Structure formats: C-alpha cells, structure tokens
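So the chains spell out like this:
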Amino acid sequence: MFDIARIPAFKDNYIWLLRKDTAAAVVDPGDAAPVLEALRREGLALVSILITHHHQDHQGGIDGLLAHSPSVKVFGPAEESITGMSNPLRGGERIRLAPLDLELQVMAVPGHTRGHLAYYGEGRLFCGDALFGGGCGRLFEGTPRAMHESLARLAALPDDTEVYCAHEYTEANLRFALAVEPGNRALRRRADEVAVLRAKGMATVPSTLAVEKATNPFLRCKEAEVAAAARARGAAENDPVAAFAALREWKDSF
Ligand code: ZN
Ligand code: FE
C-alpha cells in the first residue's frame, strides 16, 4: 500500500503526493514549489505526474517539476492540452507506476471538462474537480447528462473508497446541501463535524464514497427530498438528469 501526503496549494487546492519508499507521484500539481519542497524534505524521487484535467490550478506546476526531473512521466487526458504530456489517456486504461508498485484504473469522468479523468487504485480515488466533498465540479465543458453519468460511475466504486478530490470546498458545499435536503440527518451531522474541523484549520478530505452517497446531493438525485427540491426549481418529475441539472444550476448562484 502506498502512502499519501497532502500538499496544500493556492487558496484551497490539494496536491496529492503518493509515495512508496523513495519513489513518488503527484496528482494535479498546480504549483511546483510546494511539491519540490516536499520531495526535498522527504528525500523522494518523482517518477510520475497524474493530471485529471487541463485547468491551470491542476497542471501549472508541471513545467517546474519537469525542469527539475526531466524523465518524469506525465499522464493526462488525451483530449486536453497538458504541458509535457507523455502518456495521453482516454479512460478505460490501467496504468502501472512500477516504482510505486501501484496499478491504477483510469476512468473518463467528463463534465467539468471534456476529457476529465479520475484515477482509482488500492481503494483510493483521485477525482480532481469531478466529485468534491459534499458537491461536484461546475459544468464548464460538459452537459448535465455527461456529469451525472460520470458521478454515477464514481459512485459505483466500493463504499469504503477514499475520495481524494482537489479542493477544500466541503464546508460551503454542505451549506448548499442543507438547503437542498434539510431533513437529512447524516448530512447535518457531517456539516457539524466539518465546521469543527474547518474552525481548527483542518482538512475535510479525504472522505469516503459511503459518506458522499449519504450526504452529497449530487449523488442523491433520486432521493425524495432532493428530487422534490429539484422539482421546485423546475426539474421534470422522475428525471434524475433534470434534477441534477437543476441542482447544479442552483448551486452556481447559491
Ligand atoms: Zn478545474
Ligand atoms: Fe480546480
């Protein structure tokens, strides 16, 4: 099993550092400086960079990392423009990071961007800006249907999957979730726990898929209270995609 370290970047990004012995990989290095600092401090050699999508806060550090270690492999979405990409992916592949003794399943999860990928292995999911704690990414390049299907694919992974998303957005997401589903007791409990963590400046990521399925409205479009809230926002009845679209639109202006 590989170890994981959280490298905070910018205001609310997380860069995930995967390591085994002295070999390391990073997911979505938006900034090189804190990654180089962690590698130096821990005496690690970077072997791979995994990119979920093209936004600058996820790939802006690639240049700086390649300048430091030119032979690093850069995995990312084939459909998107990724700096220094050596291994373009479309989803459905299995990739092997030999120095970390790690095999990852690549999943296409379009919606936030056209080629957005998620990486899953050893019970851990790296999902970038597709699924967040208590929420999901904005639809910049995809349709509600595409995003709804992407989230369903992620939700089909085992319940105990740890969810390593790329932003600390949970607290604000849960405020919205409570507006959608005030009667959800698991959600209230989670919102209280998250508020305590954030007041202490602590991270709320990773969560688990079980927690997300119980509290994240974007994974709960078929639940009666969520569906009713979506209908009140104009969604047709018995249409989970329309419910998802209504929720996403509501959240955009919440
Ligand atoms: Zn993004
Ligand atoms: Fe982002």
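Each remark here, short or long, concerns the structure printed above.
Residues numbered from 1 in each chain as written. Chains lettered and ligands numbered in written order. Predicted model: local features only at pLDDT ≥ 70, side-chain atom pairs only at ≥ 80, totals over all residues. Heavy atoms only, no water.

Engineer: Break down the coordination of the zinc ion (ligand 1) for me, with residues and values.
Structural biologist: With distances of 2.2 to 2.3 Å, the protein atoms coordinating the zinc ion (ligand 1) are H53 (NE2), H55 (ND1), H112 (NE2) and D129 (OD). Going along the chain, you hit the donors of the zinc ion (ligand 1) in the pattern H-x1-H-x56-H-x16-D. Here the zinc ion (ligand 1) and the iron ion (ligand 2) are spaced 3.2 Å apart, linked through D129, which binds each one. In this pair, H112 is assigned in the loop between β8 (102-108) and β9 (117-121) and D129 in the loop between β10 (124-128) and β11 (131-132), connecting sequence segments 17 residues apart. Taking the relative accessible area as the measure of exposure, H112 reaches 4% and is therefore buried. (Donors = N, O, S within 2.8 Å, 3.2 Å for Na, K, Ca; no water. Helix = DSSP H or I, 4+ residues; strand = E, 2+ residues; numbered from the N terminus. Buried < 20%, exposed > 50% of the residue type's maximum accessible area, 1.4 Å probe, protein only.)

Engineer: Go over the sheet that holds strand β6 (residues 87-89), please, and point to the residues and values.
Structural biologist: Strand order in the open sheet made by the six strands is β1-β2-β3-β4-β5-β6, with mixed pairing throughout. Edge positions in the open sheet fall to β1 (3-9) and β6, since each of these has one partner strand only. Each adjacent strand pair in this sheet contributes to an overall mean axis angle of 20°, direction not counted. Two elements, strand β2 (residues 13-20) and strand β3 (residues 23-27), share five bridges in a ladder whose sense is antiparallel. Across the sheet, L17 pairs through a bridge with V26, a residue of β3. Together, β1, β2, β3 and β4 (45-50) form the strand contacts of helix α1 (residues 33-42), whose direction differs from that of β1 by roughly 140°. (Pairing = 2+ DSSP bridges. Axes fitted to C-alpha atoms, helices over the stretch in contact; angles between N-to-C directions. Contact = heavy atoms within 4.5 Å.)

Engineer: Explain the coordination of the iron ion (ligand 2) to me, and be specific about the residues and the numbers.
Structural biologist: Surrounding the iron ion (ligand 2) are the protein donor atoms D57 (OD), H58 (NE2), D129 (OD) and H167 (NE2), which sit 2.1 to 2.4 Å from the metal. Angles of 84 to 168° at the metal separate the four donor atoms of the iron ion (ligand 2), which places the site in the irregular class. Spacing between the donor residues of the iron ion (ligand 2) along their common chain follows D-H-x70-D-x37-H. A relative accessible area of 1% places H58 in the buried class. (Tetrahedral: all angles 85-135°; square planar, octahedral: opposite > 155°, others 65-115°.)

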